Amino acid sequence: MSTDCLFCKIIAGDIPSEQVYHDEHVVVFKDINPKAQVHLLIVPREHIISLNHLDAKHDDLMTYCMHLLPKIAKEQGLEDGFRTVINTGAGGGQIVFHLHIHLLGGEGLSGAGFSRAI
Ligand code: 5GP
Ligand code: ZN
């Protein structure tokens, strides 16, 4: 928990969010500024700043997140597929410095482009 972190405050319930899933490891909520019909953020409860701050003790957590993604996508009706994005550091477009995975799908998702939309 970092007291000046937006996502820590959302996880703690101090700032409202539209949660779609939560368990002891992660919280999943809707992005406030969706870039596609489905745009969720998978956020580990632990305050990890970014991929640059991972170490081996996070291996199980990251594997857990990878396995969770297709389950959440299916629940959201994304049978056809989905996109995941992790912005890392200011140079990677990261705005909120609490590690999170964007899960996008449905209408509004552009083909196979990698343009900076998220
Ligand atoms: P980043 O660029 O750090 O990967 O993405 C941060 C994401 O958090 C952005 O897509 C932005 O729309 C979303 N976001 C920023 N503030 C809030 C908020 O208060 N609530 C929610 N639900 N999403 C937010
Ligand atoms: Zn945090």
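Each chain has its residues counted from 1, running along the sequence as written. Think of it this way: whatever chain is written first is A, whatever ligand is written first is 1, and the rest follow in order. Predicted model: local features are reported for residues with pLDDT of at least 70 only, side-chain atom pairs are reported and counted for 80 or more only, and whole-chain, interface and lining totals are derived from all residues. Side-chain measures here rest on the full set of heavy atoms in the structure, leaving out hydrogens and waters.

K.L.:
Any details on the coordination of the zinc ion (ligand 2)? Residues and values, ideally.
P.N.:
A donor here means an N, O or S atom no more than 2.8 Å from the metal, or no more than 3.2 Å when the metal is Na, K or Ca. Since water is not included, a site may seem to lack partners. Coordination sphere of the zinc ion (ligand 2), protein contribution only: Cys5 (SG), Cys8 (SG), His47 (ND1) and His98 (ND1), at 2.0 to 2.3 Å. Taken together, the four donor atoms coordinating the zinc ion (ligand 2) and their angles of 106 to 117° define a geometry best described as tetrahedral. Here the donor residues of the zinc ion (ligand 2) are spaced in sequence according to C-x2-C-x38-H-x50-H. Of the two residues, Cys8 sits in helix α1 (residues 6-12) while His98 sits in the loop between β4 (83-85) and β5 (101-105), which places them 90 residues apart along the sequence. When sorted by exposure, Cys8 lands in the same class as His98, which is buried. Think of it this way: with four donors and all angles in the 85 to 135 degree range, the site is tetrahedral; with four or six donors, opposite ones beyond 155 degrees and the rest between 65 and 115, it is square planar or octahedral; otherwise it is irregular. A helix here means a DSSP run of H or I that spans at least four residues, while a strand means a run of E at least two residues long, and both kinds are numbered starting from the N terminus. Per-residue accessibility, obtained with a 1.4 Å probe over protein chains only, is compared with the maximum for each type, and a residue is labelled buried under 20%, exposed over 50%, and partly exposed between these values.

K.L.:
Break down the packing of aromatic side chains for me, citing the residues and quoting the values.
P.N.:
Aromatic pairs are defined between Phe, Tyr and Trp rings, using the six-membered ring for Trp, whenever the two ring centres lie within 6.5 Å; interplanar angles under 30 degrees are classed as stacked, those over 60 as edge-to-face, and all others as tilted. For the coordinates displayed, the defined rule picks out one aromatic pair. With a centroid separation of 5.4 Å and 80° between ring planes, the pair formed by Phe7 and Phe29 is classed as edge-to-face. Here Phe7, found in helix α1, pairs with Phe29, found in strand β2 (residues 26-30); they are 22 residues apart in sequence, far enough to count as distant. A relative accessible area of 5% means that Phe7 is categorised as buried. A relative accessible area of 2% places Phe29 in the buried class.

K.L.:
Give me the lowdown on the site of ligand 1, citing residues and values where you can.
P.N.:
Nearness here has a simple test: a residue counts as near a molecule or strand if at least one of its heavy atoms is within 4 Å of that partner. In the vicinity of ligand 1 lie 16 residues, with Lys30, Asp31, Ile95, His100 and His102 positioned nearest. Here an oxygen atom of ligand 1 and a side-chain polar atom of Asp31 are 2.5 Å apart. Take Val96: an N or O atom from its main chain is 2.8 Å from an oxygen atom of ligand 1. Only the protein chains shown count as cover for residues, and all accessible areas are computed by the Shrake-Rupley method using a 1.4 Å probe. With the chains in place, 86% of the 520 Å² that ligand 1 exposes on its own is no longer accessible. Pairs of N or O atoms are called polar contacts if they sit within 3.5 Å, as long as, within protein, a hydrogen donor faces a hydrogen acceptor (for residues adjacent in sequence, only side-chain-to-side-chain pairs).

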